[in-house]
Number of protein chains: 2
Amino acid sequence: MKPRNPYSSINRRGLLSTLAVLPAFATILTESALAETPGGVLPSWNDGPVKQAIVDFVRATTDQASPKFVPPDERVAEFDQDGTLWVEHPIYTQVIFCLDRVGLVVKERPELKDREPFNTVLSGDREAMAKLSMRDVFEIVLATQSGMTVEQFRADVKQWLAAAKHPRWKRPYTELVYQPMLEVLSYLRANGYKTFIATGGSESFVREYSERVYGIPPEQVAGTAQPVKYGYDKDQRPILVAEPKLILNNLEAGKIENFWLLYGRRPYAAFGNSSSDDQQMLEYVKAGSGARLSGLVLHDDAAREYAYGPAQGLPDTKVGTLSQEMYDMAKKQDWAIISMKNDWKRIFAFE
Amino acid sequence: MKPRNPYSSINRRGLLSTLAVLPAFATILTESALAETPGGVLPSWNDGPVKQAIVDFVRATTDQASPKFVPPDERVAEFDQDGTLWVEHPIYTQVIFCLDRVGLVVKERPELKDREPFNTVLSGDREAMAKLSMRDVFEIVLATQSGMTVEQFRADVKQWLAAAKHPRWKRPYTELVYQPMLEVLSYLRANGYKTFIATGGSESFVREYSERVYGIPPEQVAGTAQPVKYGYDKDQRPILVAEPKLILNNLEAGKIENFWLLYGRRPYAAFGNSSSDDQQMLEYVKAGSGARLSGLVLHDDAAREYAYGPAQGLPDTKVGTLSQEMYDMAKKQDWAIISMKNDWKRIFAFE
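A few points on the structure. Since this is a predicted model, take the numbers as computed values, not measurements.

**Re the overall build of chain A**
Of regular secondary structure, chain A possesses 14 helices and eight strands. Counting every position in chain A, which comprises 351 residues, the buried fraction comes to 59%. In chain A, the share of contacts with a sequence separation of at least 24, taken over all contacts with a separation of at least 6, comes to 66%.

**What to know about helix α3 (residues 93-108) of chain A**
Residue and element names in this part refer to chain A. Between its first and last C-alpha, α3 extends 24 Å over 16 residues, near the 22 Å set by a 1.5 Å rise per residue. Of all the bends in α3, the greatest, near 35 degrees, is centred on arginine 101. Of the residues making up α3, those classed as buried are Thr93, Gln94, Val95, Ile96, Phe97, Cys98, Leu99, Arg101, Val102, Val105 and Val106. In the core, the buried residues of α3 are packed alongside α4 (118-123), α5 (126-130), α6 (134-144), α7 (150-163), β2 (194-202) and α9 (203-206).

**Describing the sheet that holds β2(A)**
Residues and elements named next belong to chain A. Strands sit in the order β3-β2-β1-β6-β7-β8 across an open sheet of six strands; the sheet is parallel. The sheet is open, and its two borders are formed by β3 (221-224) and β8 (336-339), each paired with just one other strand. Strand-to-strand twist of the sheet, defined as the mean angle between neighbouring strand axes without regard to direction, takes the value 20 degrees. Sheet analysis places β2 next to β3, joined by four bridges and oriented parallel. From the neighbouring strand, alanine 198 faces β3, where its bridge partner is alanine 222. Along the sheet face, helix α13 (residues 324-332) touches β7 (293-298) and β8 and points at about 135 degrees away from the line of β7.

**Looking at the sheet that holds strand β6 (residues 269-272) of chain B**
Residues and elements named next belong to chain B. Strand order in the open sheet made by the six strands is β3-β2-β1-β6-β7-β8, with parallel pairing throughout. Pairing within the sheet leaves two strands with one partner each, and these edge strands are β3 (221-224) and β8 (336-339). The average angle at which neighbouring strand axes cross in this sheet is 20 degrees, direction not considered.

**Things to note about the packing of aromatic side chains**
Residue and element names in this part refer to chain B. A full pass over the atoms with the stated rule returns 42 aromatic pairs over all chains. For the ring pair phenylalanine 97 and tryptophan 160, a centre distance of 5.4 Å and an interplane angle of 75 degrees mean the geometry is edge-to-face. Pair noted here: phenylalanine 97 is in helix α3 (residues 93-108) and tryptophan 160 is in helix α7 (residues 150-163), with a separation of 63 residues, a long-range link. Both residues of the pair, phenylalanine 97 and tryptophan 160, belong to the buried class. When the ring of phenylalanine 205 is compared with that of tyrosine 209, the centres are 5.8 Å apart and the planes differ by 80 degrees; the resulting orientation is edge-to-face.

**Points about the nonpolar core**
Grouped together as the largest cluster of nonpolar side chains are 72 residues, with contacts concentrated most on Trp45(B), Phe57(B), Phe79(B), Met181(B), Val184(B), Tyr214(B) and Trp344(B). Those residues within four positions of Phe57(B) in sequence are excluded, and the remaining contacts are Leu188(B), Tyr193(B), Tyr268(B), Ala269(B), Ala291(B), Arg292(B) and Leu293(B). Grouped together as the second largest cluster of nonpolar side chains are 71 residues, Leu42(A), Val102(A), Tyr173(A) and Tyr209(A) included.

What counts, and where the lines are drawn
Residues numbered from 1 in each chain as written. Chains lettered and ligands numbered in written order. Predicted model: local features only at pLDDT ≥ 70, side-chain atom pairs only at ≥ 80, totals over all residues. Heavy atoms only, no water. Helix = DSSP H or I, 4+ residues; strand = E, 2+ residues; numbered from the N terminus. Buried < 20%, exposed > 50% of the residue type's maximum accessible area, 1.4 Å probe, protein only. Contact = heavy atoms within 4.5 Å. Expected span 1.5 Å × (residues − 1). Bend = angle between axes of the 7 residues up to and from the residue. Pairing = 2+ DSSP bridges. Axes fitted to C-alpha atoms, helices over the stretch in contact; angles between N-to-C directions. Phe/Tyr/Trp six-rings, centres within 6.5 Å; stacked < 30°, edge-to-face > 60°. Core = buried A, V, L, I, M, F, W, Y, C linked by side-chain atoms within 4.5 Å.

Take a look at the structure:
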């Protein structure tokens, strides 16, 4: 196994290294090829002003002859996750993960058993659970995502994702991603854009599947975050343990503030759907110099997905709410307003 | 310029996209080629146990037949900057940048002119400035890196870097990078590793040159950080402005805590030099499962660079101090202890 002279294996390693980097290049080629398929780019999108706005934006920022050309190292595109890249109804996936962990937490901390909101969750009473406040939900998230080492948490998320299924489609949550948005991610990357997730949820949760599901590596995922604390376990080995509080909060303007904090760039394109955490991000991106694309996903397709949004005269389900103010801003500032019903030929890859 | 049918230019754009990604692939090829030059890998390193430890680590983690093989998406390597990738003497580059900005800040806030530590800096008295405490330095950093928009700050850093020169070598600071460490970065990347900077300095400063100087893009730079605040300028355009306080502090254990916060992975390799912010990072990396490499750079070459470090019987210059505790830990835990004098054939590319 171990050659006596460490340099004797260099050529073999050279070959291995080249192979190791090839998948990345293969992905790029595939994405370029995709952008040139006979059906054209964005095959799951219906032709119309929204698809055209996306194509126009890419042309304006990547054609060297364009006055709005953007150098490759500044090509940054940012995507909200819940309700923009995948289904957020009837409740955010990560919240279900946390609700499923309440039993585990109570086993280690029995004093929580008789306390709200933990006893409501343990009761299994769906109607009572639906009435939990955002503050209750935060308390559950912080309690169920702290106390263990960060590496144990990674393993727990992976295990849960492999088993959990969406109640409506009976499929893993990681399959409930919007095919048209996967095509936008690929199309942008094929044109030299780096794609980032900026989620109101916990980045530590999303990072466990972002590369596999979206082609977005963990270092390009920003989200709400709990601080981790350095310490030592009983065997005096150094560990990092998440604490039950927030250090980065991606709600409201926090999402774009923290995006800058983590990456130091104003995106040229951003996509979102909710007033709770996407409004300032989309406003800031659109206000930049040159060509900028802010995309707003409307959930107006009850048959194929869900229909909600008081600004469009649809029910306010408290999950992914689009306010009238944000909807008006989108129209006034010429965001690309994406109707799932009218702009998307299909919603999921498995359809 | 703008074709009537947006789809007519797709093939041309396809070609442009392919060209846009080629530089990235070219870099990879160059790095692979470098690893196979006749002189072998790491040509600026003398043969010896340290060079061999680096080569052994790469082989153990990238050879599929190795029991310590690491899948490509977990190959993460982390580098301190000041004193590890580039010169930190006689004073950290970013601090010089901030000192140079004091005049600018005082012009906008004249009340600071007669206050410590600003009046000491304005006096130009080098001896008095050398006695400024760490607390004074922090106050100067926060005052000179806040109040402007984040995009104005980017422009200011770029402008300063283009003009400023190191007093000893009379060259831009961005040329004072250690050639042997650039080779480690390239060698690791050629073997599928992603390379990250984790600096005790401000990430917003380092991100303006990290890609050009180290091949490390801004999203792979973690550092001490001030929060940015969303707001509107006098024309009601949305802006982000840095605030004069800290949200992420990369000193001591903060560096590895924040590394996890930003990237969610335990590195397989890390390099550092100073007790102020590298000790816990190197300890944590080395304590991981499988093959792990923690490298400690010793500044023991007064002729070609600088010699400092009380643990080695050299002067304690208060910049990049290596404590006895950290030095003992390095030996006990089998870190790769890098002597600039003995392990490096040359220090800079321009030599």
